[in-house]
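Notes for the structure review
The chain contents come next:
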Amino acid sequence: MSFIFWACIFVLFYIYLGYPALLWLLSLIKSDPPMPDPTFCPNVSLIISAYNEAETIGQKIENSLSLDYPTDKLEILIVSDASSDGTDKIVSHYADRGVILVRMPERGGKTLGLNHAVSIAKGEVVLFSDANAFYEPDSLKRLAAHFSDAKVGYVTGASRYVQQKYSFVGWCENLYWNYDLELKRLESTLGSMVGADGAMYAIRRALYTPLKAQDINDFLNPLQIIGKGYRGVFEPAAICRESTVSRFGEEYRRKVRIVSRSLRGLAQMSTLLNPMRSGFYALELFSHKLLRWLTPLFLLGIALSNVFLWSEGGLYQLLGGLQFAFYALALMGYVLSTIGLRLRIFYLPYYFCLMNMASLHAIYKSFRGSVQATWEPEREKGQADSNKRKGRFYPIIAIVLVLILFQAFFILGQNTLIQERLFWTLVGLLVYAVGGYTLMLALVSLIVCPFKRADIADPDFEPKVTLMISAYNEEKVIEAKIENSLALAYPREKLNIVVVSDGSTDQTEAIVASYSARGVALWSFQPRHGKISAINRAMERIEDEIVILSDANVIYESGVIGELVKHFKNSAVGAVSGSVSVIDAPCRIGWLEWVYQRYENTIKKLETQIGSITGVDGAMYAIRKSAYRKIQENVILDDLVISMAIARQGKRILFEPKAKGFEHAAMTVEEGFKTRVRVTAGAVQAIKLGIVFPPLSQPFSLFKFISHKILRWAMPLVLIALFALNILLMDQGLYMGFLLFQSAIYILGLLGFLTKASVYFLAIPFYFCMQNVATLVGIWRGLRDRQSVMWDKAERYVAKGGMEQFHETNH
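My aim in this report is to walk through the structure given alongside it, one point at a time. (Residues numbered from 1 in each chain as written. Predicted model: local features only at pLDDT ≥ 70, side-chain atom pairs only at ≥ 80, totals over all residues. Heavy atoms only, no water.)

**Regarding the packing of helix 1 (residues 2–29) against helix 11 (residues 295–309)**
The N-to-C vectors of helix 1 and helix 11 enclose an angle of 145°; their axes lie 8 Å apart at closest approach. Classified by chirality, the crossing of helix 11 by helix 1 is left-handed. For the pair formed by helix 1 and helix 11, the contact residues are Ser-2, Ile-4, Phe-5, Cys-8, Ile-9, Val-11, Leu-12, Ile-15 and Tyr-16 on the first element and Thr-295, Phe-298, Leu-299, Gly-301, Ile-302, Ser-305, Asn-306 and Leu-309 on the second. The residue inventory of the contact of helix 1 with helix 11, partitioned by class, reads 12 nonpolar, 5 polar and no charged. (Axes fitted to C-alpha atoms, helices over the stretch in contact; angles between N-to-C directions. Helix = DSSP H or I, 4+ residues; strand = E, 2+ residues; numbered from the N terminus. Left-handed = near helix turned anticlockwise from the far one by under 90°. Contact = heavy atoms within 4.5 Å. Nonpolar A, V, L, I, M, F, W, Y, C, P; charged D, E, K, R; others polar.)

**Regarding the side chain of Ser-501**
Structurally, Ser-501 can be placed in strand 10 (residues 495–502). Of the polar contacts made by the side chain of Ser-501, one reaches the side chain of Ser-504; its length is 2.9 Å. Sequence-distant contacts of Ser-501, that is, excluding residues within four places in its chain, are made with Ala-471, Glu-509, Leu-522, Trp-523, Ser-524 and Phe-525. (Polar contact = N/O pair within 3.5 Å; in protein donor to acceptor, adjacent residues only side chain to side chain.)

**Concerning the packing of aromatic side chains**
The geometry of an aromatic ring pair is captured by two quantities: the separation of the ring centres and the angle between the planes. Taken as a whole and assessed by the stated rule, the structure comprises 20 aromatic pairs. On the basis of an interplanar angle of 75° and a centroid distance of 5.8 Å, the ring pair of Phe-326 and Tyr-327 is categorised as edge-to-face. The exposure class of Phe-326 is partly exposed, given its relative accessible area of 28%. Ring centres of Trp-424 and Tyr-735 lie 6.1 Å apart, and the angle between their planes is 55°; this geometry places the pair in the tilted category. A residue pair is termed long-range when its members are at least 10 positions apart, and Trp-424 in helix 16 (residues 416–448) and Tyr-735 in helix 26 (residues 733–754) qualify at 311 residues. By relative accessible area, which is 37% here, Trp-424 ends up partly exposed. Take Tyr-735: its relative accessible area is 6%, and that puts it in the buried class. (Phe/Tyr/Trp six-rings, centres within 6.5 Å; stacked < 30°, edge-to-face > 60°. Buried < 20%, exposed > 50% of the residue type's maximum accessible area, 1.4 Å probe, protein only.)

**Here's the deal with the packing of helix 25 (residues 715–728) against helix 27 (residues 763–783)**
It is at 8 Å that the axes of helix 25 and helix 27 come closest, and there the two elements cross at 105°. Classified by the angle between their axes, helix 25 and helix 27 sit roughly perpendicular to one another. Where helix 25 abuts helix 27, its residues Met-715, Pro-716, Leu-717, Leu-719 and Ile-720 lie against Phe-768, Asn-772, Thr-775, Leu-776 and Ile-779. Its residues placed into classes, the contact of helix 25 with helix 27 shows 8 nonpolar, 2 polar and no charged. (Parallel < 35°, antiparallel > 145°, perpendicular 65-115°, else oblique.)

**A short note on unusual backbone geometry**
Trans peptide bonds make up the majority, and among non-glycine residues the majority have a negative phi. Following Gln-526, the chain continues into Pro-527 via a peptide bond in cis, with omega recorded as -10°. Positive phi, close to 50°, is recorded for Asn-52, a residue that is not glycine. Along the chain, Asn-52 falls in the loop between strand 1 (44–50) and helix 2 (57–65). Phi at Ala-82 takes a positive value of approximately 60°, unusual for a residue other than glycine. Of note, Ala-82 is situated in the loop between strand 2 (74–80) and helix 3 (87–92). The exposure class of Ala-82 is buried, given its relative accessible area of 16%.

**Some remarks on the pattern of salt bridges**
Under the counting rule described, the total for this entry stands at 20 salt bridges. Close ionic contact of Asp-81 with Arg-107 constitutes a salt bridge, the shortest N to O distance being 3.5 Å. Of the two residues, Asp-81 is situated in the loop between strand 2 and helix 3 and Arg-107 in the loop between strand 3 (99–103) and helix 4 (110–120); the sequence distance between them amounts to 26 residues. Across the pair Glu-563 and Lys-566 runs a salt bridge, and its minimum N-O distance is 2.7 Å. A relative accessible area of 21% places Glu-563 in the partly exposed class. Salt bridges here are not isolated pairs; linked through shared partners, they connect Lys-531, Asp-551 and Asp-638. (Salt bridge = Lys/Arg side-chain N within 4 Å of Asp/Glu carboxyl O.)

**Description of the sheet that holds strand 13 (residues 555–556)**
Across the sheet, which stays open at both edges, the 8 strands sit in the order 11-10-9-12-15-14-16-13 with mixed pairing between neighbours. The two strands at the open ends of the sheet, each matched to only one other strand, are strand 11 (520–525) and strand 13. With 2 bridges connecting them, strand 13 and strand 16 (residues 652–664) associate as antiparallel partners. Pairing of Tyr-556 across the sheet is with Gly-661, part of strand 16. (Pairing = 2+ DSSP bridges.)

**Comments concerning the environment of Leu-722**
Within the element layout of this structure, Leu-722 appears in helix 25. Remark: the alpha-carbon pair of Leu-722 and Trp-424, spanning 298 residues in sequence, is separated by 8.9 Å. Apart from residues no more than four positions distant in its own chain, Leu-722 is found in contact with Phe-423, Leu-426, Val-427, Leu-430 and Gln-742.

**Focus: the sheet that holds strand 8 (residues 231–243)**
If you walk across this open sheet you meet the 8 strands as 3-2-1-4-7-6-8-5, and the pairing is mixed. One side of each edge strand has no neighbouring strand; the edge strands of this open sheet are strand 3 and strand 5 (134–135). Both strand 1 and strand 4 (residues 125–130) contribute to a ladder of 6 bridges, which runs parallel. What sits directly across from Leu-46, in strand 4, is Leu-127. Docked against the sheet, helix 7 (residues 217–227) engages strand 4, strand 6 (152–162), strand 7 (200–204) and strand 8, running at close to 35° with respect to strand 7.

Without other data, these values stay purely geometric and don't point to any function.
This is the structure we're talking about:
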């Protein structure tokens, strides 16, 4: 095991330090630098790949036309991979200036487009470029000068990344890229560099070999040229500039795509790894590319072998602790990236882990034969578009967590004192999340409220209001909801009632349409895209400043609107949440749901007294339209994201307990379980997208959000850790008691599940376990992006009594 440990460390050291040092030493002993002829000007075909590049293609063409190169020796071809955004139309405007549009009949990927373009190009040299890569005026001359040497088959330039707005992913990528450019310079000095840069590399047209759609041209094509006995060189003075991505997820996807396709290319040219065939280039290819891509396997080897060597103490424990700290920093980097905190010490470990996870993901895809041929422009096109893309980088979180927990478990297994301290820390965290936070709020409220100016709430304030009712196949309840809305005690001329149908296919829309004469509007959005999409489109049409969002199955007390809108006299208020109770629960745990809601309302009251609440009830809340921000349409938890987007602007979010409503309980425990899973998955998604954390300029709001939301969602993870620690400490009396207590709760919870909580005393442990299991499933689904934005409506128990029973329940 020690051999594996030290072998993996040696290889890792060689990849990042040893190989560059070897290149440097060899360059001092013997070098063969390229000798370009500045007067050499061959005919060049500049081929620019484009797919939906309307935003940049005009600038790229202007940049290409301004290059310092004889116009009679430069041919410009734009290869459009069946673009659909107006790219082709822009290119066609340059036809009279000699720019040629090569449009592919259907989308087949960049490589197929290049195959076709090269076949019709006329230049002796072909220069490949991307639509977002802008060249310095002398770049083409500097590249072309190298082809005066008959041994040179391809030349690549130096890309410089430009950050349109500062981002840590751009900063990390720049560091990595500068390191890689130095390797290319040293390799070129000794003979041939490995690979090329797809944004700027030129080849002799006669050396181009048509590639398959899945092949990566800027890696496989240079390998083929080296295989034919030619040389590949680097020209650092030929500079192009392109924008970096601004999100770690985009960089992760790009890395997966590049490495998976490069591995396929290397497999096709594996003979180049034979030093008897390609000489020193075999070592360069092996060290610079293959070992770099295999780095995550060496990291796993170090971590796993370190676990088994931990008991030997000394150096192994030191190195294990350093690994643990490194991965913890990486995980913290991910967390901080969601809230925008700029601390570079966290982002370098995070970037390193992210890129290696991307390599591991790419290796997996390569073995499966799953390689992406087409691509999407990765530059930022706005938050909504970028977050629609699939392929979230959840594996980095999962694997880093596994490494941390795996190492932590074995470290803890050797130190009882650490075990005990961590155990009581987690117990304290659990107690704080369940009740301590509430007690702290109550204490702060007692201290602050006597000195705090009373909130402005004007009962006579009656602005124009739009009541927006979201509906999808609600034929069973929509009529009762409309009748309830029409009976609300608010001036009818100041109340607009709108039912927003998200692709309903039953009689919902017909029922709503029958109320048009009574002033109820139907806005039908077809086909179905999800609730948040319907809300976004409806908000664009609403003219009133105050909007109340409601679900179709929720019945309001008559004075609800007045109670909600009275707070908007205060311009600092951005949203107000009402109190919706669940009634008519047909199962044994229904009363526990009612207790839980009452407890949540208590927390909201206390939070309101000292500032703002940390989220609204999606069934009843009012917002200031001017504070609404359009939400990306893949969002699951609309009420949390909408309300926190308002809070992030510095607006207050209040809770009004007098604004009451009710909804009937779900028919089954399974429906309640699904609801909890969806809520947690939506919360995890929102955290990953970084759109719910209050900014650092609102420290108390951030503290409340972590205390009320994050710790609540993390509770099942805390419980699992407590149980594991209890097992390690079970030989001590007190801890054995805790272990038996935990075990009893879980066993009773299981019995409650088996008996469907038909035995009354099993309801509490069953409800506790069900909620935490559902939260755990939600975390998993949220990390893996497996929760659909579409919501399957729960079947709800409807009993007689309606509002009368609601009053009986609450009074």
